[in-house]
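One-letter residues, chain by chain:
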Amino acid sequence: PWTVSEMAERLHVSAGYLQSTYKKQFGISCMQDVVMKRVELAKEHLRNSNYSSQRISQICGYQNVEHFCRQFKNITGESPLAYRKRVRTEKSIIE
């Protein structure tokens, strides 16, 4: 699990400096970027594995599956299970 404080400590800078520099450079906050990467990893597992949402949330660094599902839906517009069903249906149509 990543926190801004942890990232700043690893880089030997203050959390405030890291946050402002990161946002200027990339246009999003450190934690927004972490969440986006977690969701991308979750999408990969939903497409290519049979892991449960609980297991995928753990792999992606979430302590709480409900929080994972909420963030996933906020970003993608669909629940993890709806995403899995849709991409697998699309994949089977292509094949």
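Numbering of residues starts from 1 in every chain and runs along the sequence as written. Whole-chain, interface and lining totals are the exception, using all residues; otherwise, since this is a predicted model, local features are given only for residues with pLDDT of at least 70 and side-chain atom pairs are given and counted only at 80 or more. Side-chain measures were taken over the full set of non-hydrogen atoms in the model, leaving aside hydrogen atoms and water.

Remarks on the side chain of Asp33
Then comes step 1: Only DSSP runs of H or I reaching four residues or more are called helices, and only runs of E reaching two or more are called strands; each is numbered from the N terminus. If you trace the backbone, Asp33 turns up in helix α3 (residues 30-48).
Then comes step 2: Exposure remark for Asp33: the relative accessible area of 15% places this residue in the buried category.
Then comes step 3: By the convention used here, residues are in contact when the closest approach between their heavy atoms is within 4.5 Å. Excluding anything up to four places from it in sequence, Asp33 contacts Tyr22 and Ile28. To sort residues, take the accessible area from a 1.4 Å probe on protein chains only and compare it with the maximum for the residue type: under 20% means buried, over 50% means exposed, and anything in between is partly exposed.

Quick word on the packing of helix α2 (residues 15-26) against α3
Then comes step 1: Between α2 and α3, the least distance of the axes is 8 Å, while the angle of their chain directions is 65 degrees. Considering their axes alone, α2 and α3 lie roughly perpendicular with respect to each other. Facing α2, whose interface residues are Leu18, Gln19, Tyr22 and Lys23, α3 presents Cys30, Gln32 and Asp33.
Then comes step 2: The classification used treats Ala, Val, Leu, Ile, Met, Phe, Trp, Tyr, Cys and Pro as nonpolar, Asp, Glu, Lys and Arg as charged, and all other residues, Gly among them, as polar. The residue makeup of the contact of α2 with α3, split by class, is 3 nonpolar, 2 polar and 2 charged. All axes are obtained by fitting lines to C-alpha atoms, using only the stretch in contact for helices, and the reported angles, taken between N-to-C directions, cover 0 to 180 degrees. Angles are sorted into four bins: roughly parallel if under 35 degrees, roughly antiparallel if over 145, roughly perpendicular if 65 to 115, and oblique for all others.

Observations concerning the side chain of Ser49
Then comes step 1: Locating Ser49 in the fold gives a position in the loop between α3 and α4 (53-59).
Then comes step 2: Using a relative accessible area of 13% as the deciding quantity, one classes Ser49 as buried.
Then comes step 3: Counting of polar contacts relies on pairs of N or O atoms within 3.5 Å, with two restrictions inside protein: one atom must be capable of donating a hydrogen and the other of accepting it, and residues adjacent in sequence are counted only when both atoms are side-chain atoms. Within the local environment of Ser49, its side chain forms a polar contact with the backbone nitrogen of Tyr51, the two atoms lying 3.2 Å apart.
Then comes step 4: The residues touching Ser49, leaving out its near neighbours within four places in the chain, are Ile56, Arg84 and Arg88.

Side note on helix α1 (residues 4-11)
Then comes step 1: Val4, Met7 and Ala8 are the residues of α1 that are buried. Down the axis of α1, the buried set is contained in an arc of 95 degrees. They therefore lie on one face. Opposite the buried face of α1, at more than 90 degrees from it, the exposed residues are Ser5, Glu9 and Arg10.
Then comes step 2: In this fold, the buried residues of α1 make contact with α2 and α3.
Then comes step 3: Following α1 by one or two positions, His12 has its phi on the positive side, about 60 degrees. It is the directions from the helix axis to the C-beta atoms whose arc is reported.

A closer look at α2
Then comes step 1: When the terminal C-alpha atoms of α2 are compared, their 16 Å separation across 12 residues agrees well with the 16 Å that a helix rising 1.5 Å per residue should span.
Then comes step 2: Gly27 occupies a position one or two residues after α2 and carries a positive phi of about 80 degrees. An expected span of 1.5 Å times one less than the residue number is assigned to each helix.

Quick look at the pattern of salt bridges
Then comes step 1: We count a salt bridge whenever a side-chain nitrogen from Lys or Arg sits within 4 Å of a carboxyl oxygen from Asp or Glu. In the structure shown here, the tally under the stated rule is 4 salt bridges.
Then comes step 2: A salt bridge links Glu90 to Arg86, with the nearest nitrogen and oxygen atoms 3.1 Å apart. One end of the pair, Glu90, and the other, Arg86, are both in helix α6 (residues 80-94), 4 residues apart, so they sit about a helical turn from each other.
Then comes step 3: Ionic contacts of the salt-bridge type, sharing partners, join the residues Glu78, Arg86 and Glu90 into one network.

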